[in-house]
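Fold and contact review
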Amino acid sequence: MKEFLAYRIFESNGRSSGRLEKISSVDLGINDLFVKVEYSAINYKDALAATGQAQIAKKFPLIGGIDLIGTVLESKTDKFRDGEKIIVTGSGLSETLNGGYSEYAQIDSDLAFLIPESISTRLAAGIGTAGFTAALAIYKMKINKQKFSNEKIIVTGATGGVGSFAILLLNKALSEVIAVSSKNNCINYLDSLGVKDIINPSDIKDNESLLEKALWHGAIDNIGGDILSWLTRTVRPHGNIASIGLASSHDLNTNVMPLILRGINILGISTNINRKISEDLWKDIFCNLTNDDIEKVITRETSLKDLSNHFDRYITGNNYGRTIIKIS
Ligand SMILES: NC(=O)c1ccc[n+]([C@@H]2O[C@H](COP(=O)([O-])OP(=O)(O)OC[C@H]3O[C@@H](n4cnc5c(N)ncnc54)[C@H](OP(=O)(O)O)[C@@H]3O)[C@@H](O)[C@H]2O)c1
């Protein structure tokens, strides 16, 4: 097999950085699925890994890209057949395992999920880690008795990948969705996803109170820090806050009053969950989202060659929607 293109993360002087290069199949290692990668995407974590803003990769060199979508060329397991379309998200890709920024991949079949015939690999990449994480947050809130229907649910980092899918999925659950977004130029985008109202974080007043007026039945937080702290003080009794991300800060400074007087719940969201739950979630996602829904969130499509020009927008918080990477 000829050499092919991959975007790999290297380490130099304790800092990681990525670059495109030609590699051979030997560099992929061996696994039970040999895959022709068709699409990947950019997630906040991918931008951190590629730019060295955080040490995401734990071994070097490692192919970046936490989303991998493609077609099985050769299966050594009866779990998948040659020609089937698969998706892998997270699962250690770009941390300890080679990720999706490569024309070919060797994948452990335990990490792969079947994409139904009705969904193209392009649309599956549009969903990726972002859509899966949003669905997981809603699933965990539901287990914890969040009703959603006719409830006000607030979503922070709303124009991001996770935020956008959270809005779409909350609308399907008949919630009234309030977006927190710093982007005044994305009002039309957020409207198209179905938000009822938009709050700019700069309009949220710093308040020293231990509790504030209870406004939201629940919350999905992608940014952490002061906004997450404010959510703890403004969620209604017994409401859930799904804590997903740290785009603003990894800090959480709050007090126990919301917990002991209102019984609010802070639910940690980690995508390291058991396979059965993941399988059920993927089925739900593929079934609930229409092609039009997903197309709304795909705001850019680029190539492996152009990939490195897109990371900064994520680091500075200037991206909106999902950027998918057409690999082959
Ligand atoms: N727990 C998990 O398993 C898991 C899985 C996936 C993602 N995540 C985390 O979830 C977060 C969102 O991921 P994503 O892929 O949706 O990222 P993304 O597409 O880059 O979106 C992040 C959004 O957060 C807001 N934002 C960015 N930088 C900010 C800053 N400095 N201060 C305040 N707001 C900022 C922006 O939204 P607005 O301009 O609209 O405010 C931005 O669009 C990230 O922290 C990511 O690491 C966690």
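Per chain, the residues get numbers from 1 upward, laid out in the order the sequence is written. Predicted model: local features are reported for residues with pLDDT of at least 70 only, side-chain atom pairs are reported and counted for 80 or more only, and whole-chain, interface and lining totals are derived from all residues. Each side-chain value is worked out from all heavy atoms of the structure, with water and hydrogens disregarded.

What about the site of the ligand?
Filter applied, for reference: Think of it this way: one heavy atom of a residue within 4 Å of a molecule or strand is enough to make that residue near it. Any N or O atom pair separated by 3.5 Å or less is treated as a polar contact, with the protein-specific requirement of one donor-capable and one acceptor-capable atom, and with residues adjacent in sequence counted only for side-chain atom pairs. For every accessible area listed, the method is Shrake-Rupley and the probe measures 1.4 Å; residues are considered covered only by the protein chains on display. A run of H or I in DSSP becomes a helix once it reaches four residues, and a run of E becomes a strand once it reaches two; helices and strands are each numbered from the N terminus. Residue polarity is assigned by list, with Asp, Glu, Lys and Arg as charged and Ala, Val, Leu, Ile, Met, Phe, Trp, Tyr, Cys and Pro as nonpolar; anything else, Gly included, falls into the polar class. The start and end points of each domain follow an automatic or database-based domain assignment.
The immediate surroundings of the ligand are formed by 26 residues, with Thr 159, Val 162, Ser 181, Lys 183 and Ile 269 found nearest. Here an oxygen atom of the ligand and a side-chain polar atom of Thr 159 are 2.8 Å apart. Ser 182 is positioned with one of its side-chain polar atoms (N or O) 2.9 Å from an oxygen atom of the ligand. In the complex, the protein chains occlude 84% of the 920 Å² of accessible area that the ligand would expose alone. Counting residues per element, the ones that place at least two in the shell around the ligand are α2 (121-143) and α3 (161-172). Class assignment for the residues of the shell around the ligand results in ten nonpolar, 15 polar and one charged. For the shell around the ligand, the two domains that each supply at least three residues are domain 1 (4-115 + 294-326) and domain 2 (129-268).

Thoughts on unusual backbone geometry
Phi is mostly negative for residues that are not glycine, and the peptide bonds are mostly trans. Note the following rule: Type-normalised accessible area, obtained with a 1.4 Å probe on protein chains alone, sets the label of each residue: buried when under 20%, exposed when over 50%, and partly exposed for intermediate values.
Residues Phe 60 and Pro 61 are joined by a peptide bond in cis, for which omega reads -15 degrees. Among the structural elements, Pro 61 can be located in the loop between α1 (44-51) and β4 (62-63). Of note, Ser 91 is a non-glycine position whose phi angle comes to about 55 degrees, a positive value. With respect to the helices and strands, the residue Ser 91 is situated in the loop between β6 (85-89) and β7 (104-107). Look at His 238: it is not a glycine, yet its phi comes out positive at around 65 degrees. On the secondary structure map, His 238 appears in strand β13 (residues 235-243). His 238 gets classed as exposed once you look at its relative accessible area, which sits at 58%.

Things to note about the environment of Trp 282
Our working rule: Only heavy atoms matter for contacts: two residues are in contact if any of them lie within 4.5 Å across the pair.
Tracing the sequence through the fold places Trp 282 in helix α7 (residues 275-288). For the pair Trp 282 and Pro 116, spaced 166 residues apart in sequence, the C-alpha separation works out to 10.0 Å. Setting aside chain neighbours within four positions, we find Trp 282 in contact with Ile 87, Thr 89, Phe 113, Ile 127, Gly 128 and Phe 132.

Some remarks on the domain arrangement of the protein
Counted only if it meets this: Once two parts are brought into contact, the accessible area they lose, counted with a 1.4 Å probe and summed over both, makes up the buried area. Throughout this description, the term salt bridge denotes a Lys or Arg side-chain nitrogen within 4 Å of a carboxyl oxygen of Asp or Glu.
Examined at the domain level, the protein breaks down into domain 1 (4-115 + 294-326) and domain 2 (129-268). The straight-line distance from the C-alpha centre of domain 1 to that of domain 2 is 29 Å. Counting residues at the interface gives 16 residues for domain 1, matched by 15 residues for domain 2. It is Lys 296, Val 297 and Tyr 320 in domain 1 that bury the most area against domain 2; as a group they hold 42% of the surface buried on that side. Between the two partners, domain 1 and domain 2, sit zero salt bridges. For the interface between domain 1 and domain 2, the tally reads five residue pairs in polar contact (both at pLDDT 80 or more). The element that contributes the greatest number of residues to the side of domain 1 that touches domain 2 is helix α8 (residues 291-297), accounting for three residues.

Here's the deal with the environment of Val 155
Turning to its location among the elements, Val 155 is positioned in strand β9 (residues 152-156). You can call Val 155 buried: its relative accessible area is 0%. Spatially, the C-alpha atoms of Val 155 and Val 195 are 9.6 Å apart, while their sequence positions differ by 40 residues.

Quick look at the side chain of Arg 8
As for its position among the elements, Arg 8 is in strand β1 (residues 4-12). Here the side chain of Arg 8 touches Glu 21 through a polar contact of 2.6 Å, side chain to side chain. Those residues in contact with Arg 8, other than ones at most four positions away along the chain, are Ser 17, Gly 18, Arg 19, Glu 21, Ile 23, Asp 27, Pro 61, Leu 62, Ile 63 and Gly 64.

A word on the sheet that holds β4
Put simply, the rule is: For two strands to be treated as a pair, DSSP must find at least two bridges joining them. Orientation is described by lines fitted to C-alpha atoms, with helices fitted over the stretch in contact, and by angles between N-to-C directions that extend from 0 to 180 degrees.
Across the sheet, three strands lie side by side as β2-β1-β4; this open sheet has antiparallel pairing. With partners counted over all chains shown, the strands left at the sheet margins are β2 (15-23) and β4, one partner each. Judged from the nine bridges that link them, β1 and β2 form a sheet pairing that is antiparallel. Bridge pairing in β2 links Glu 11 to Ser 16. Against the sheet, α1 engages β1 and β2, with an angle of about 90 degrees to β2.

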